[in-house]
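Fold and geometry: a report
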Protein chains: 2
Amino acid sequence: MEQINDIQVVPCTSSNYLKPFRVHYSQNGTKKSWDFMRTHDSVSVLIFNTTSHCFVLVKQFRPAVYMCEWERTKPKAPDSSEQVAEEKEGAAVGGGETPPGSVGMTYELCAGLVDKADLSLEEIARQEVLEECGYDVPVAKLRRITSYRSGVGVTGAKQTMFYAEVSDENCVGEGGGEPQEGELIEVVKVPLHEAMTFAYDESIPKTMGVIFSFIWFHNNMSPKYKISTNV
Amino acid sequence: MEQINDIQVVPCTSSNYLKPFRVHYSQNGTKKSWDFMRTHDSVSVLIFNTTSHCFVLVKQFRPAVYMCEWERTKPKAPDSSEQVAEEKEGAAVGGGETPPGSVGMTYELCAGLVDKADLSLEEIARQEVLEECGYDVPVAKLRRITSYRSGVGVTGAKQTMFYAEVSDENCVGEGGGEPQEGELIEVVKVPLHEAMTFAYDESIPKTMGVIFSFIWFHNNMSPKYKISTNV
């Protein structure tokens, strides 16, 4: 169980990660403006281990998800004027009960940002599979599933999803991400026969990518792997 | 074709829509911090018209998507120090060619924010279907598909997806959103027999919600509606 405490929220006047911009534009002659943030495109990878017949996911503590749940436990969502938190060391914001760290843990596909201009999407996907999950997969074995827009309102970035079939022989490390970059990633296996139940179990916090890719597998790989559970 | 011009990007020091916060916390004894933004949870609705056997989607200009594509057309992505745009009226930022407005148009499920505390998710979904697409659907006819986290990195919000079966008789208006809120939404129909091709056509900008929900329908409703195309 993840131990999360000493939570303090402060307004963020300057962030290296979140930089809002405003675009003024004219749409069919009507002047408009929109606030947005720049971000990198990304890749995500559905990994299936053919030795153990398991999907390989990553599980990590997501502060944004935790804060969202923390907000839910409060009697009423505060407006922004209430957001200047008490700066007392160790005090939970607002003095309320803090929910367990588990509410901020999410199951996700192995994924990463496209932030290296000299690498192809496949090469970036390969690096993420190695760093986060410990499998060394040749680029040629990555199958492109599709691409779509993630976050159309704020970032507008594109995500490309791949499928990677691995075996225990491809496992060359423990994965877990880059601790020096603050990543604390747990590699989790979901057995194939439990996948569809997992996908639709709303008590398990996860991204839509997990659900979509499990169903994609179910539709496209089931003749090959004989999936018994049908949702 | 959407006419987009007079684009100017300026840094956004204070936004009513994007408010970054920073949370300091301790995870298993290690001090960490994370920049995030608060946002509302949301609902999305897959609408299927049983009269015309079409899915009903919304199509709209998404400035964030457009800016993402605009950035892609430039020789090199600028860093933030270059982002202070020329303030010249009517000048495109950086003086480069601006891509056509169509690159910022995305196909999405009818969706909306959960920003009314006194309404259930179903009631909010019902309102969005009416406002954006012009169909009056009884709350009891909304079927919950599932829920998941959208944007685990930045917002952590939860989205709940519904399925709504409508007929031409439920059509009471044109939809199009709330013009006074700046919404310019086009209602688009995708015939059932083209849905799977549409879902996987990467040249059509769309959200993962469209792809996932079309496949969900394919798996769960196909016996009822005899889908011919199988991907």
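These numbers were taken from a predicted model, which means no experiment stands behind them. (Residues numbered from 1 in each chain as written. Chains lettered and ligands numbered in written order. Predicted model: local features only at pLDDT ≥ 70, side-chain atom pairs only at ≥ 80, totals over all residues. Heavy atoms only, no water.)

**Remarks on the side chain of Glu69 of chain B**
As a reminder, the rule being used: By the criteria applied, helices consist of DSSP H or I runs no shorter than four residues and strands consist of E runs no shorter than two, each listed in order from the N terminus. Only protein chains enter the accessibility calculation, which uses a 1.4 Å probe; a residue whose area is less than 20% of its type maximum is buried, one above 50% is exposed, and one in between is partly exposed. Pairs of N or O atoms are called polar contacts if they sit within 3.5 Å, as long as, within protein, a hydrogen donor faces a hydrogen acceptor (for residues adjacent in sequence, only side-chain-to-side-chain pairs). By the convention used here, residues are in contact when the closest approach between their heavy atoms is within 4.5 Å.
With respect to the helices and strands, Glu69 of chain B occurs in helix H1 (residues 63–73). When its relative accessible area of 15% is taken as the criterion, Glu69 of chain B is described as buried. Of note is the side chain of Glu69 of chain B, whose polar atom sits 2.4 Å from the side chain of Arg149 of chain A. Setting aside anything within four residues of it in sequence, one finds Glu69 of chain B in contact with Arg149 of chain A together with Val103 of chain B.

**Brief notes about the sheet that holds strand S3 (residues 30–37) of chain B**
What links the strands of a sheet is backbone hydrogen bonding, and the strands pair in either a parallel or an antiparallel sense. To keep things clear, this is the line we draw: DSSP-based pairing: two strands are paired if at least 2 bridges between them are found. Here an axis means a line fitted to C-alpha atoms, over the contact stretch when the element is a helix, while the angle between two N-to-C directions is reported on a 0 to 180 degree scale.
Spatial ordering of the open sheet is given by S1(A)-S2(B)-S3(B), a layout of three strands whose pairing is antiparallel. At either margin of the open sheet sits one strand with a lone partner, and together these are strand S1 (4–11) of chain A together with S3 of chain B. Strand after strand, the sheet turns through a mean of 20° between neighbouring axes, direction not considered. Pairing analysis gives eight bridges linking strand S2 (residues 20–27) of chain B to S3 of chain B, with the strands arranged antiparallel. What sits directly across from His24 of chain B, in S3 of chain B, is Ser33 of chain B.

**A look at the relation of the copies chain B and chain A**
For these two chain copies, the linking operation is a rotation about an axis paired with a shift along it. How we decide: Each copy is superposed on the other by least squares, with the fit set by C-alpha atoms of residues at a pLDDT of at least 70 in both.
For the pair chain B and chain A, the best superposition has an RMSD of 0.0 Å and corresponds to a rotation of 180° with a translation of 0.0 Å parallel to the axis. Within this description, the copies of the chain are treated as partners about a two-fold rotation axis. No C-alpha of chain B approaches the rotation axis more nearly than that of Phe212 of chain B, which lies at 2.7 Å. A shared binding surface is used by both copies, with 100% of the interface residues of chain B retained as interface residues in chain A.

**Observations regarding the interface of chain B and chain A**
The line we're drawing: By convention, the term buried area covers the 1.4 Å-probe accessible surface removed from two parts as they join, with the contributions of both added. In the sections that follow, a salt bridge refers to a side-chain nitrogen of Lys or Arg positioned within 4 Å of a carboxyl oxygen of Asp or Glu. Any residue outside Ala, Val, Leu, Ile, Met, Phe, Trp, Tyr, Cys, Pro, Asp, Glu, Lys and Arg is labelled polar, Gly included; the first ten of those are nonpolar and the last four are charged.
Counting from both sides, the interface comprises 82 residues of chain B and, opposite them, 82 residues of chain A. Both faces combined, the contact of chain B with chain A buries some 7200 Å², and carbon together with sulfur accounts for 57% of it. Together, Arg149, Glu202 and Met208 of chain B form the three largest contributors to the area buried by chain B at its contact with chain A, with a combined 10%. Our enumeration of links across chain B and chain A arrives at eight salt bridges. Put simply, Glu202 of chain B and Arg144 of chain A hold a salt bridge, and the shortest N to O gap is 2.6 Å. Linking chain B with chain A are 27 residue pairs in polar contact (both at pLDDT 80 or more), by the criterion used here. Of the residues forming the side of chain B that touches chain A, the biggest block, nine residues, is contributed by helix H4 (residues 208–225) of chain B. Across the side of chain B that touches chain A, the residue classes break down as 37 nonpolar, 25 polar and 20 charged.

**Re the environment of Ile4 of chain B**
Its place among the elements puts Ile4 of chain B in strand S1 (residues 4–11). Distance from Ile4 of chain B to Gly101 of chain B, taken between C-alpha atoms, is 5.1 Å for residues 97 residues apart in sequence. The residues contacting Ile4 of chain B, other than those within four sequence positions of it, are Tyr25, Ser26 and Gln27 of chain A together with Phe61, Tyr66 and Gly101 of chain B.

**Considerations on the side chain of His218 of chain A**
Residues and elements named next belong to chain A. Along the chain, His218 falls in helix H4 (residues 208–225). According to the relative accessible area criterion, His218 is buried, its value standing at 8%. Here Asn219 takes part through its side chain, which lies 3.2 Å from a polar atom of the side chain of His218.

**A word on the sheet that holds S1 of chain B**
Read from one edge of the open sheet, three strands run S3(A)-S2(A)-S1(B), paired in antiparallel fashion. The open sheet terminates on both sides in strands that have one partner only, identified here as strand S3 (30–37) of chain A together with S1 of chain B. Direction aside, the axes of adjacent strands within the sheet are offset by 20° on average. Bridge count between strand S2 (residues 20–27) of chain A and S1 of chain B: six bridges; the pairing is antiparallel. By the bridge assignment, Val23 of chain A is partnered in S1 of chain B with Val9 of chain B.

**What to know about the packing of aromatic side chains**
To keep things clear, this is the line we draw: Stacked, tilted and edge-to-face are the three classes assigned to paired rings of Phe, Tyr and Trp, where Trp is represented by its six-membered ring and a pair needs centres within 6.5 Å; plane angles under 30 degrees give stacked, over 60 edge-to-face, the rest tilted. Look at NZ for Lys and CZ for Arg. If either is within 6 Å of the ring centre and within 35 degrees of the ring normal, a charge sits over the ring.
Here the structure, examined in full by the defined rule, presents 22 aromatic pairs over all chains. Here Phe48 of chain B and Phe55 of chain B contribute two aromatic rings whose centre-to-centre distance is 5.2 Å and whose plane-to-plane angle is 55°, an arrangement assigned as tilted. Across the pair, Phe55 of chain B and Phe48 of chain B agree in class, each one buried. Feature note: the residues Phe48, Phe55, Tyr107, Tyr163, Phe198, Phe214, Trp216 and Phe217 of chain A constitute an aromatic cluster, connected by ring pairs. The cationic tip of Arg38 of chain A hangs over the ring face of Phe21 of chain A; the distance from NZ or CZ to the ring centre is 4.6 Å.

**Digging into the environment of Arg38 of chain B**
Summarising the element assignment, Arg38 of chain B is placed in the loop between S3 and strand S4 (42–49). Between the C-alpha atom of Arg38 of chain B and that of Thr197 of chain B, which follows or precedes it by 159 residues, the distance is 36 Å. A polar contact is formed between the side chain of Arg38 of chain B and the side chain of Glu71 of chain A, at a distance of 2.4 Å.

**So, the confidence of the model for chain A**
All names here are of chain A. Note the threshold: Think of pLDDT as the predictor's per-residue confidence, scored from 0 to 100.
On average, residues of chain A carry a pLDDT of 86, and 86% of them reach 70 or more. Counting interchain partners and residues more than four positions distant, the pLDDT-below-50 stretch residues 80–94 has 28 contacts. Interface confidence for the predicted complex, expressed as ipTM, amounts to 0.88; the pTM equals 0.88.

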